[in-house]
Amino acid sequence: MTGTDLGMPAFPPFPEAAREAVHDEVLRANLRHATHTIRDKRARAVAELDDWDRLRAAGKAIKDHTLRHLDRYLLQLEAAVTAAGGTVHWAVDAVEANRIVTGLVLATGEREVVKVKSMATQETGLNEALEAAGIAAYETDLAELIVQLGHDRPSHILVPAIHRNRGEIRDLFRSEMGRWGRPAPEDLGDDPRELAEAARLHLREKFLRAKVAVSGANFMVAETGTMVVLESEGNGRMCLTLPETLISVVGIEKVVPTFRDLEVFLQTLPRSSTAERMNPYTTMWTGTGTGTGTGEGDGPTAFHLVLLDNGRTDTLADEVGRQALRCIRCSACLNVCPVYERAGGHAYGSVYPGPIGAVLSPQLRGTAAPIDATLPYASTLCGACYEVCPVAIDIPEILVHLRERVVQGGPVTREGVRVLIRPAHGHTAERAAMRAARLLLDRPGALRAGERLLSRARRLRPHRLPGPGRAWTDTRALPDVPAESFRDWWARERKAPQK
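Read on for an overview of the structure. As the structure is a prediction and not an experimental result, all values here were calculated from the model.

A word on the overall build of the chain. The helix and strand tally for the chain stands at 23 helices and 12 strands. A globule of 499 residues ought to have a C-alpha radius of gyration of about 23 Å, and the chain, at 26 Å, matches this closely. Along the three orthogonal principal directions, the C-alpha set of the chain runs to about 90 × 55 × 45 Å. Residues classed as buried in the chain amount to 50% of the 499 residues present. Put simply, 71% of the contacts in the chain that link residues at least 6 apart link residues at least 24 apart. Counting only carbon and sulfur atoms, one obtains 54% of the accessible surface of the chain, whose full area is about 24,300 Å².

And the structure:
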């Protein structure tokens, strides 16, 4: 899937988008304040647990085991959901997922749905597909509501409206809420409590009226067919219990084998995302309710689970890149990333911003588009993302792996078929430099001669590189050349008499 596949605008390459973002002082201030606050709180919450490293290792092991046996656990999940009264649909890509959901909504006769925060439906562009079919979709997560009212895009996994400040949100509520439903009070201020109350009143009428809801899920339990949603406001519980029909769109990698496996993630996800010891609202449901939709039962009378592939099987075929599928969407990597802090989420051109987006999006969508070919370079490779990841995804390793794919091309899996892709455009000089380096490093005598020549000519060192190297020295100083190479220093020291 790419942005243009679903009628969405094509995104510019990351360097272009980031260049514009870093000059937005308000955006940078919003991001700096929010990310520093979240990551400091997270560090304190994680430090409370003596066994955090063991929990992290356990989460990694559970995810790796599940991915190795994904086919078996998905079939077990389908059987369990069906036995509980639900219906399972398989979607190979975004287009098929949107077609399935649209058809299910139209079959109910309804023309509006309420949604609980779902990155999978953002990935597929479901809201736009529903709108094209004459169906209004209302986001009920507060941050997602802000994004929707602003005709905007999410810029953070946990806090999609992180790029907005309180004043901007107040103005947005005043000008836009009335077009979607109950208007905001005319004297609405920017106090967070006032803003939350305006959103609560605006959404309450939609919760009580809606007959159809669309959700995602943080986890799916293969053993029981249970769906699990973690959220912080209670809007998810309203979406998951009041409507008569519930449709959940979930990536196939979200399955875990047993109910007991949730124990690990229910400890690591809240602390790593919201810095809370326990998640405020954890909603679980299995199949359909027992009532008729008129008050006798609990939960929806019709439940549909749409299992989304959309490039995940292809990603699973990559021995290095597949670890990105462990991601539990905690957003810890975003909050410590110096690149994200300065460029913001929109520069990544994906529903998955930050370090995890830089490794996940090019695998789900391929590297043909300029935005996806540049995402693996949206990193300093500092390793902070790996250090905070609660399932130990080695994001720097995947970034280097994907950079090699962009520059060199090579075999990849696309739609289940092994194909050979060509190098991305614009890396000819880089490939030539790497070939020259390989030739030089394979010849120790030539390397030694080159090092000595460079040392003797060090006074002629330019301050900036010419040609393609100019971009590198535009933002950093060219290192000084030492008076002698390490090889010569080592040889001299070994010959020197011992003291």
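Attention now moves to the sheet that holds strand 7 (residues 245–251). One open sheet holds the six strands; their spatial order is 1-10-7-4-2-3, and the pairing between them is parallel. The outermost strands of the open sheet, each flanked by one partner alone, are strand 1 (87–91) and strand 3 (136–139). Averaged over all adjacent pairs, the angle separating strand axes in this sheet is 25°, with direction ignored. Where strand 1 lies against strand 10 (residues 302–308), five bridges are found, and the strand directions are parallel. By the bridge assignment, Trp-90 is partnered in strand 10 with Leu-307.

Because each turn of an α-helix spans 3.6 residues, side chains separated by three or four positions in sequence point in the same direction. For helix 4 (residues 70–83), spanning 14 residues, the distance from its first C-alpha to its last is 20 Å, which sits close to the expected 20 Å at 1.5 Å a residue. Taken together, the buried positions of helix 4 are occupied by Leu-70, Tyr-73, Leu-74, Leu-77, Ala-80 and Val-81. One side of helix 4 holds all its buried residues, which, seen down the axis, span an arc of 125°. Exposed and facing more than 90 degrees away from the buried side of helix 4 are Asp-71, Leu-75 and Ala-83. Of the residues one or two after helix 4, Gly-85 is the one with positive phi, at around 100°.

This brings us to the sheet that holds strand 5 (residues 219–221). The strand order 8-5-6-9 describes an open sheet built from four strands, whose pairing is mixed. Looking at which strands have only one partner, the edges of the open sheet turn out to be strand 8 (255–256) and strand 9 (281–286). Bridging between strand 6 (residues 226–231) and strand 9 involves six bridges; their strand directions are antiparallel. Paired with Thr-226 across the two strands is Thr-286, which belongs to strand 9.

By the element assignment, Leu-441 lies in helix 20 (residues 428–441). Judged by relative accessible area, which is 58%, Leu-441 ranks as exposed.

The description of an aromatic ring pair uses the distance of the two centres, along with the angle that the planes make with each other. The final tally for this structure, using the stated rule, is eight aromatic pairs. Where Phe-219 meets Phe-265, the ring centres are 5.2 Å apart and the plane angle is 25°; that geometry is what we call stacked. Of this pair, Phe-219 sits in strand 5 while Phe-265 is found in helix 12 (residues 262–273), placing the two residues 46 residues apart along the sequence. Residue class for Phe-219 comes out buried when judged on its relative accessible area of 1%. An aromatic cluster of at least three residues, connected via ring pairs, comprises Phe-14, Tyr-340 and Tyr-348. The ring of Phe-265 carries Lys-63 above its face, with NZ or CZ at 5.9 Å from the centroid. Over the aromatic face of Tyr-138 sits the side chain of Lys-206, whose NZ or CZ is 4.6 Å from the ring centroid.

Moving on, we come to unusual backbone geometry. Phi is positive for Ala-275, which is not a glycine, with a value near 60°. Relative to the helices and strands, Ala-275 is located in the loop between helix 12 and strand 9. Exposure remark for Ala-275: the relative accessible area of 18% places this residue in the buried category. Phi at Asn-310 takes a positive value of approximately 50°, unusual for a residue other than glycine.

By size, the foremost hydrophobic cluster in this structure holds 103 residues, and its most contacted members are Phe-14, Leu-77, Phe-173, Phe-219, Met-227, Leu-305 and Ile-356. In this structure Ile-356 touches Ile-157, Ala-324, Cys-327, Cys-333, Leu-334, Ile-393 and Ile-395, once residues within four positions along its chain are discounted.

What follows deals with the state of the cysteines. Under the criterion given, the structure shown has zero disulfides. For the unlinked cysteine Cys-330, the closest cysteine sulfur is that of Cys-389, found at 6.2 Å. Between Cys-337, a cysteine without a disulfide, and Cys-382, which holds the nearest cysteine sulfur, the sulfur-to-sulfur distance is 6.5 Å.

One pass over the full model with this rule turns up 24 salt bridges. Put simply, Arg-329 and Glu-253 hold a salt bridge, and the shortest N to O gap is 3.2 Å. In this pair, Arg-329 sits in the loop between helix 13 (312–316) and helix 14 (332–336) while Glu-253 sits in the loop between strand 7 and strand 8, placing the two residues 76 residues apart along the sequence. Take Arg-329: its relative accessible area is 13%, and that puts it in the buried class. Its relative accessible area of 3% is what places Glu-253 among the buried residues. The salt bridge involving Asp-474 is made with Arg-464; its shortest N-O contact spans 2.2 Å. Taken together, the positions of Asp-474 in the loop between helix 22 (470–473) and helix 23 (486–495) and Arg-464 in the loop between helix 21 (444–456) and helix 22 put the pair 10 residues apart, joining distant regions of the chain. The class for Arg-464 is partly exposed, based on a relative accessible area of 45%. Each of Glu-123, Glu-253, Arg-312 and Arg-329 takes part in salt bridges that share partners, so that together they form one network.

The angle between the axes and the distance between the axes are what describe a pair of packed helices. Here helix 8 (residues 142–149) crosses helix 9 (residues 166–180) at 75°, and the two axes come no closer than 9 Å. The angle between helix 8 and helix 9 places the two elements in the roughly perpendicular class. Along the contact surface, helix 8 presents Leu-142, Leu-145, Ile-146, Gln-148 and Leu-149, while helix 9 presents Ile-169, Leu-172, Phe-173, Glu-176, Met-177 and Trp-180.

What counts as what
- Residues numbered from 1 in each chain as written.
- Predicted model: local features only at pLDDT ≥ 70, side-chain atom pairs only at ≥ 80, totals over all residues.
- Heavy atoms only, no water.
- Helix = DSSP H or I, 4+ residues; strand = E, 2+ residues; numbered from the N terminus.
- Rg over C-alpha atoms; globule rule 2.2 N^0.38 Å.
- Buried < 20%, exposed > 50% of the residue type's maximum accessible area, 1.4 Å probe, protein only.
- Contact = heavy atoms within 4.5 Å.
- Areas by Shrake-Rupley, 256 points an atom, 1.4 Å probe, with all protein chains shown as cover.
- Pairing = 2+ DSSP bridges.
- Axes fitted to C-alpha atoms, helices over the stretch in contact; angles between N-to-C directions.
- Expected span 1.5 Å × (residues − 1).
- Arc of directions from axis to C-beta.
- Phe/Tyr/Trp six-rings, centres within 6.5 Å; stacked < 30°, edge-to-face > 60°.
- Lys NZ or Arg CZ within 6 Å of the ring centre and 35° of its normal.
- Core = buried A, V, L, I, M, F, W, Y, C linked by side-chain atoms within 4.5 Å.
- Disulfide = S-S within 2.5 Å.
- Salt bridge = Lys/Arg side-chain N within 4 Å of Asp/Glu carboxyl O.
- Parallel < 35°, antiparallel > 145°, perpendicular 65-115°, else oblique.

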